[in-house]
Amino acid sequence: MTADLPADLETYLLQSHVALALAAPDDDSPLLLVNEGFSALTGFRPRDVIGKNCRFLQKHADNTRAKARIHAFFDRDDQSSVRTDLVNFRKDGTPFINLLYMSKLRGRSGEVRYIFASQFDISRSRPDLLASYEGELAETLSGLRPILSETGTILDGSLVTIANSAIMIAQAKLLLSSLEDARPGA
Ligand SMILES: Cc1cc2nc3c(=O)[nH]c(=O)nc-3n(C[C@H](O)[C@H](O)[C@H](O)COP(=O)(O)O)c2cc1C
């Protein structure tokens, strides 16, 4: 069992098929849990990443726009969730465009207890695969609510689905191919 994490919450997140991560809200948002989906996507096992901030996936990528969106999510108490795409790298160095969703899990007095996140490789996807990911993530979030409520925790906000998945995927593929062209030896 992970320290400070209710057992039911941990079990629930670990069995989900979509990539998930949970971090503590304090210090530098150290990861408390990543599931199999996260390891399958990134190549990093829990022992590689627990206790670290997840920005290591970005290596030296710029991601200025995405990071500004994430900073706004952290800084603004009234912003319950964020969705953004950003350049990430798997453990073997392969780049991908990560569609990252993050939301705040709050205690009864409104304090942030955990940051919940889900990752999806939008650059190697298709509209139907993105649609099924969106469905699974929405299901995961609705199943999470009753589990959280047992410990007086609330999932802040809901999932805003991607308005035009075909365009988003096409843009991510273009960005990925420009990154691959720029790789040494390409
Ligand atoms: C639970 C959680 C999961 C995250 N997952 C990712 C991720 O998969 N990829 C990524 O690039 N950043 C991820 N982040 C965001 C980074 O950790 C960090 O917040 C972001 O890079 C902005 O902060 P910085 O400008 O200090 O790096 C995650 C953050 C949290 C709290």
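Remember, it's a predicted structure, so these values are computed and weren't measured experimentally.

*Asks:* Just give me the short version of the packing of helix H5 (residues 127-149) against helix H6 (residues 165-181), but keep the residues and values in it.
*Replies:* For the pair H5 and H6, interaxial distance at closest approach is 9 Å and the crossing angle is 115°. In terms of orientation, H5 lies roughly perpendicular with respect to H6. The handedness of the crossing between H5 and H6 comes out as right-handed. From H5, Pro127, Leu130 and Ala131 reach across to H6, where they touch Ser165, Ala166 and Ile169. Looking at side-chain class alone, the contact of H5 with H6 contains five nonpolar, one polar and no charged residues.

*Asks:* Please provide a residue-by-residue account of the packing of helix H1 (residues 7-15) against H5, values included.
*Replies:* Close contact between H1 and H5 brings their axes to 9 Å; oriented N to C, the two are set at 165°. Taken together, H1 and H5 sit at an angle that is classed as roughly antiparallel. Where H1 crosses over H5, the handedness of that crossing is right-handed. In contact with Asp8, Leu9 and Tyr12 of H1, H5 contributes Gly143, Leu144, Ile147 and Leu148. Its residues placed into classes, the contact of H1 with H5 shows five nonpolar, one polar and one charged.

*Asks:* Explain the environment of Phe38 to me, using residue names and the numbers behind them.
*Replies:* In this structure, Phe38 sits in helix H2 (residues 36-42). When the 26 C-beta atoms within 10 Å are taken as the criterion, Phe38 is described as buried. For Phe38 and Gln119, which are 81 residues apart along the polypeptide, the C-alpha to C-alpha distance reads 7.2 Å. Setting aside its immediate chain neighbours within four residues, Phe38 contacts Ala19, Leu20, Ala21 and Gln119.

*Asks:* Explain the site of the ligand to me, using residue names and the numbers behind them.
*Replies:* Near the ligand lie 19 residues; those nearest to it are Ala23, Cys54, Arg55, Ile115 and Ala117. By residue class, the composition of the shell around the ligand is eleven nonpolar, six polar and two charged.

About the cut-offs
Residues numbered from 1 in each chain as written. Predicted model: local features only at pLDDT ≥ 70, side-chain atom pairs only at ≥ 80, totals over all residues. Axes fitted to C-alpha atoms, helices over the stretch in contact; angles between N-to-C directions. Helix = DSSP H or I, 4+ residues; strand = E, 2+ residues; numbered from the N terminus. Parallel < 35°, antiparallel > 145°, perpendicular 65-115°, else oblique. Left-handed = near helix turned anticlockwise from the far one by under 90°. Contact = placed C-beta atoms within 7 Å. Nonpolar A, V, L, I, M, F, W, Y, C, P; charged D, E, K, R; others polar. Buried ≥ 20, exposed ≤ 12 C-beta atoms within 10 Å, placed from the backbone. Near = placed C-beta within 6 Å.

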